[in-house]
Amino acid sequence: MDLNSASTVVLQVLTQATSQDTALLKPAEEQLKQWETQPGFYSVLLNIFTNHDLDVNVRWLAVLYFKNGIDRYWRRVAPHALSEEEKSTLRAGLITNFNEPINQIATQIAVLIAKVARLDCPRQWPELIPILIESVKVQDDLRQHRALLTFYHVTKTLASKRLAADRKLFSDGFLHGIFDRLKQFLECSRNVDTDTVFRDKLEKTIILFTKVLLDFLDQHPFSFTPLIQRSLEFSVSYVFTEVGEGVTFERFIVQCMNLIKMIVKNYAYKPSKNFEDSSPETLEAHKIKMAFFTYPTLTEICRRLVSHYFLLTEEELTMWEEDPEGFTVEETGGDSWKYSLRPCTEVLFIDIFHEYNQTLTPVLLEMMQRLQGPTNVEDMNALLIKDAVYNAVGLAAFELFDSVDFDQWFKNQLLPELQVTHNRYKPLRRRVIWLIGQWVSVKFKSDLRPMLYEAICNLLQDQDLVVRIETATTLKLTVDDFEFRTDQFLPYLETMFTLLFQLLQQVTECDTKMHVLHVLSCVIERVNMQIRPYVGCLVQYLPLLWKQSEEHNMLRCAILTTLIHLVQGLGADSKNLYPFLLPVIQLSTDVSQPPHVYLLEDGLELWLVTLENSPCITPELLRIFQNMPPLLEQSSENLRTCFKIINGYIFLSSTEFLQTYAAGLCQSFCELLSDITTEGQVQVLKVVENALKVNPVLGSQMFQPILPCVFRGIIEGERYPVVMSTYLGVMGRVLLQNTSFFSSLLTVMAHKCNQEMDQLLGNMIEMWVDRMDNITQPERRKLSALALLSLLPSDNSVIQDKFCGIINIAVEGLHDVMTEDPETGTHKDCMLMSHLEEPKATEDEEPPTEQDKRKKMLALKDPVHSVSLQQFTYEKLKAQQELLGEQGFQSLMETVDTEIVTQLQEFLQGF
């Protein structure tokens, strides 16, 4: 295609292609499609879209056709590929000027240059990057902006290449020169106004370069090894020396610190304890790191981090005054600070101090020594320096364990500083109580805790809100610690709880209220029932807070957590909360309500602890179960909690609950059993087992549709031991505690299986005996022995045929439960329980819930815990002997192994 003659024709067709008239548009598009493979077509397009005098729409269309052509015809192996000569001309033409006046077209040109660069740079297009750099330096704002825009897209595209050969080219050809280019861009930024569009684009390009380095280091650490030295030199010089003054900006400093941190922490660069086991690549990288991080360099980094980057800024101090809650949220690492400077500097300090603690510990200790004694409240700079050093000591607490006598420092230095009430001292009061919180779980003598609790009580009354919020955080860390002792804490409980509640009322931000609620929850959890005298005010306030937080689901989650601990602390008295508590549970667990997405997990937990601590069923508590069927249909990760809730209702009020809900529940269970994991099946069967345990007659009736499945699973020899064990537990309850129902079930199963009842019974006993080893729980093993023995006395030939197996199970059960009484020397059934037995709870153990008490009362009536297996065995054998006569009984006993008979006689001595 001749450029001179073709340009007019192509221009005319492009103009028609921008028309709204389909009669012109369709033929034009067809013509352009035919020209796509014609040599010279893309040169004509280049001439058109770089001619600023032409119509913008025509130029825009020319750019798009050019860009699409790169995807289709630029590669050498593509059908109708562009010739190397034309591509060379096009590359040169694309970068002859960066003065496109239309932003949208400029962006498209930058993108298509990047597409060509991905294919040709650096081999076929080595001049691209140098030309872009030179273009950035020119004084013309438009040219600078367009060059930066292009540089941005080129860098982003080159960084995305994944083939090993491409990565090597990228590393050798681009990354090795990236630091010189970064320096040039940083120097450009020195003379650019901070509020210009160009400044914004310049900073984005600089960040893009550093992000490329970070991504390359993260994905290909060993390929990055040749760049370790340059990266460290560049980052440290700009961040920790005067070189960066006037040119750096916050996001760039963050990126440089991240680069240093990733090199320091990178596991690929850390040799094994035995150097000989390390790879040569690891040793090489480690050597470069060690050579760079000398004592002077580490010392300078440490001092600069603490004395410069840790200092509270004027902006932060202003925010402290004007928006204390906002300051607290940002200080604790809110999402908006993900890329902010302060958390980044603190993380870098922690990582470097951990890696080089032997070198840096003396440096930090020396900084501490300089700050002994009180600080002049008029010297704000000195106060901020001390704040920064204390911050470092808190962050490095684990590393300083053997180097700091914290107990002495707490008594002699930190406590007196907490007592300085001057307003200018509030940054230090806040920092000191934070510092103590960092050391509590590291090194803090238990005997000093009352002194700390006294200080916390005082600080929770501080005039400054930030100090009070930080004090609440330290209180949480203190009561969460494993050395926490309730007896030390109780004298301060009323004061602290009252002050925390006042703080909860005073703060207004959602995040802060959540934080204070978590502290209150933690206190309630640790002191448990001893919180009861002090929770009246909180109980009255929570309904109001719940109503106010209608649009704040995360705050409502915090309220649910508080209610969980509150119910556990109040025990049976939590029934007084039902007018508020039950509607909250209802809303949180109703899958038809949108908030359930956020509230469901905590709502279910609250529902469960409410049941566990309920002294009796109420109509409202029973009604909430209407929320359960849709939850079971979800088959979600909350299914386990749902089953616990169902069991809670069974233990609380089996008759009312089963009569009201068992039919629907049984239908849900039947559907679940056909489409659920093995673990889920076991959970379903445990519910049935508990229903049979609590109410054998009603349980059998209500869950009758499930029992044939259980029976069939036994006789067919269910292959999963844990499922088989549960099957046998369910059937054991029916056989032992509802004999008439077992007979009717046997009749139904005989009809379904087209077998004789006796044959089916024999198969069941045989499989039961064979699979006894599947049962690991002692209660179920004894239940099996009792259940099979309950078939005696019998003159049924099938049962007599299985007599040997029944006796074997009985003897196994006796081995399980019979223990020697050391006082009398006799043997007794260790699973028997009496009303006189009350377990002694230690201080660390939670007191029994109402459900625990219900289970205890149930156990007292349960044959497993109320019937002596030894006596039961004796009585059944005696009855069998009376039924058959001495000779018949002896013939039956002869079917049992002599060793088993001997063991049986030993167990039955004295009867």
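Reading guide: rules and limits
Residues numbered from 1 in each chain as written. Predicted model: local features only at pLDDT ≥ 70, side-chain atom pairs only at ≥ 80, totals over all residues. Heavy atoms only, no water. Helix = DSSP H or I, 4+ residues; strand = E, 2+ residues; numbered from the N terminus. Buried < 20%, exposed > 50% of the residue type's maximum accessible area, 1.4 Å probe, protein only. Contact = heavy atoms within 4.5 Å. Areas by Shrake-Rupley, 256 points an atom, 1.4 Å probe, with all protein chains shown as cover. Lys, Arg positive; Asp, Glu negative; His and termini not counted. Charge placed at Lys NZ, Arg CZ, Asp CG, Glu CD. Salt bridge = Lys/Arg side-chain N within 4 Å of Asp/Glu carboxyl O. Phe/Tyr/Trp six-rings, centres within 6.5 Å; stacked < 30°, edge-to-face > 60°. Lys NZ or Arg CZ within 6 Å of the ring centre and 35° of its normal. Expected span 1.5 Å × (residues − 1). Disulfide = S-S within 2.5 Å. Patch = residues over 30% accessible without salt bridge, like charges linked within 9 Å, V, L, I, M, F, W, Y side chains within 5 Å. Core = buried A, V, L, I, M, F, W, Y, C linked by side-chain atoms within 4.5 Å. Axes fitted to C-alpha atoms, helices over the stretch in contact; angles between N-to-C directions. Parallel < 35°, antiparallel > 145°, perpendicular 65-115°, else oblique. Left-handed = near helix turned anticlockwise from the far one by under 90°. Nonpolar A, V, L, I, M, F, W, Y, C, P; charged D, E, K, R; others polar.

(A) Looking closely at the overall build of the chain. When helices and strands are counted, the chain shows 46 helices and 2 strands. Its C-alpha atoms give the chain principal-axis dimensions of roughly 120 × 80 × 65 Å. Per-residue burial for the chain yields a buried fraction of 54% across its 911 residues. Considering only contacts within the chain whose residues lie at least 6 apart along the sequence, 73% involve residues at least 24 apart. Looking at the chain as shown, the accessible area adds up to about 41800 Å², and 49% of this sits on carbon and sulfur atoms. Where the 82 positive side-chain charges of the chain centre and where its 119 negative ones centre are 5 Å apart.

(B) Region of interest: the pattern of salt bridges. Tallying each qualifying case throughout the model produces 35 salt bridges. With its nearest N and O atoms 3.1 Å apart, the salt bridge here joins Arg431 to Asp387. Here Arg431 is found in helix 22 (residues 426-440), whereas its partner Asp387 is found in helix 20 (residues 380-395), with 44 residues between them in sequence. Take Arg431: its relative accessible area is 3%, and that puts it in the buried class. Here Asp387 falls in the buried class, since its relative accessible area comes to 0%. Glu766 is the partner of Lys802 in a salt bridge, and the nearest nitrogen-oxygen pair spans 3.0 Å. Separated by 36 residues along the polypeptide, Lys802 in the loop between helix 41 (797-801) and helix 42 (803-817) and Glu766 in helix 39 (residues 757-770) bring together distant segments of the chain. Because the salt bridges share partners, they merge into one network encompassing Arg76, Glu84 and Lys87.

(C) Quick look at the environment of Asp675. Looking at where Asp675 falls in the secondary structure, it is placed in the loop between helix 33 (639-673) and helix 34 (678-694). Asp675 sits 317 residues away from Gln358 along the chain, and the two C-alpha atoms are 59 Å apart.

(D) Representation of the packing of aromatic side chains. Per the counting criterion, the structure on display carries 33 aromatic pairs. When the centroid spacing of 5.2 Å and the interplanar angle of 75° are considered together, the rings of Phe41 and Tyr42 count as edge-to-face. Judged by centre distance (4.8 Å) and plane angle (90°), the rings of Phe625 and Phe657 are edge-to-face. Of this pair, Phe625 sits in the loop between helix 31 (619-623) and helix 32 (628-634) while Phe657 is found in helix 33, placing the two residues 32 residues apart along the sequence. An identical accessibility class is assigned to Phe625 and Phe657; each is buried. In this arrangement the basic side chain of Lys270 is found over the ring face of Tyr267, its NZ or CZ atom lying 5.2 Å from the centre.

(E) Quick peek at helix 20. For helix 20, spanning 16 residues, the distance from its first C-alpha to its last is 23 Å, which sits close to the expected 22 Å at 1.5 Å a residue. In terms of residue burial, helix 20 counts as a mostly covered element, since 12 of its 16 residues are buried. Restricting attention to buried positions, one finds in helix 20 the residues Leu383, Leu384, Lys386, Asp387, Ala388, Val389, Tyr390, Asn391, Ala392, Val393, Gly394 and Leu395.

(F) Structural detail: the side chain of Gln851. Tracing the chain through its elements places Gln851 in helix 43 (residues 850-861). The residues touching Gln851, leaving out its near neighbours within four places in the chain, are Glu612, Gly648 and Phe651.

(G) Main features of the state of the cysteines. This model, assessed by the stated rule, comprises 0 disulfides. Between Cys256, a free cysteine, and Cys344, which holds the nearest cysteine sulfur, the sulfur-to-sulfur gap is 9.7 Å. Judged by relative accessible area, Cys256 falls into the buried class, the value being 1%. Cysteine Cys522 is unpaired, with the sulfur of Cys457 as its nearest cysteine sulfur at 16 Å.

(H) Region of interest: the environment of Thr562. Mapped onto the elements of the fold, Thr562 is located in helix 28 (residues 553-570). Spatially, the C-alpha atom of Thr562 lies 55 Å from that of Glu187, the residues being 375 residues apart in sequence. If we ignore the near neighbours within four places in the chain, the residues touching Thr562 are Leu517, Ser521, Leu538 and Leu542.

(I) Quick peek at a negative patch on the surface. Among the surface-exposed residues, Glu322, Asp323, Glu509 and Asp511 lie close enough to one another that they form a single negatively charged patch. Within the secondary structure, Asp511 sits in helix 26 (residues 510-527).

(J) Quick peek at the nonpolar core. Core analysis: the biggest nonpolar cluster contains 309 residues, and Phe349, Trp607, Ile646, Tyr649 and Phe669 have the highest contact counts within it. The element that contributes the greatest number of residues to this core is helix 33, accounting for 17 residues.

(K) Summary view of the packing of helix 40 (residues 778-789) against helix 45 (residues 869-893). Between helix 40 and helix 45, the shortest axis-to-axis distance is 10 Å and the interhelical angle comes to 15°. Classified by the interaxial angle, the pair formed by helix 40 and helix 45 is roughly parallel. The two elements helix 40 and helix 45 meet at a crossing, and its hand is left-handed. Seen from helix 40, the contacting residues are Lys782, Ala785, Leu786 and Leu789; seen from helix 45, they are Leu869, Phe872, Thr873 and Lys876. Looking at the contact of helix 40 with helix 45, its residues break down into 5 nonpolar, 1 polar and 2 charged.

(L) Expanded view of the environment of Leu32. Mapped onto the elements of the fold, Leu32 is located in helix 2 (residues 22-35). Measuring from C-alpha to C-alpha, the distance between Leu32 and Leu14 comes to 7.8 Å, with 18 residues separating the pair along the chain. In this view, Leu32 contacts Val13, Leu14, Ala17, Phe41 and Tyr65; residues no more than four positions away in its chain are not counted.

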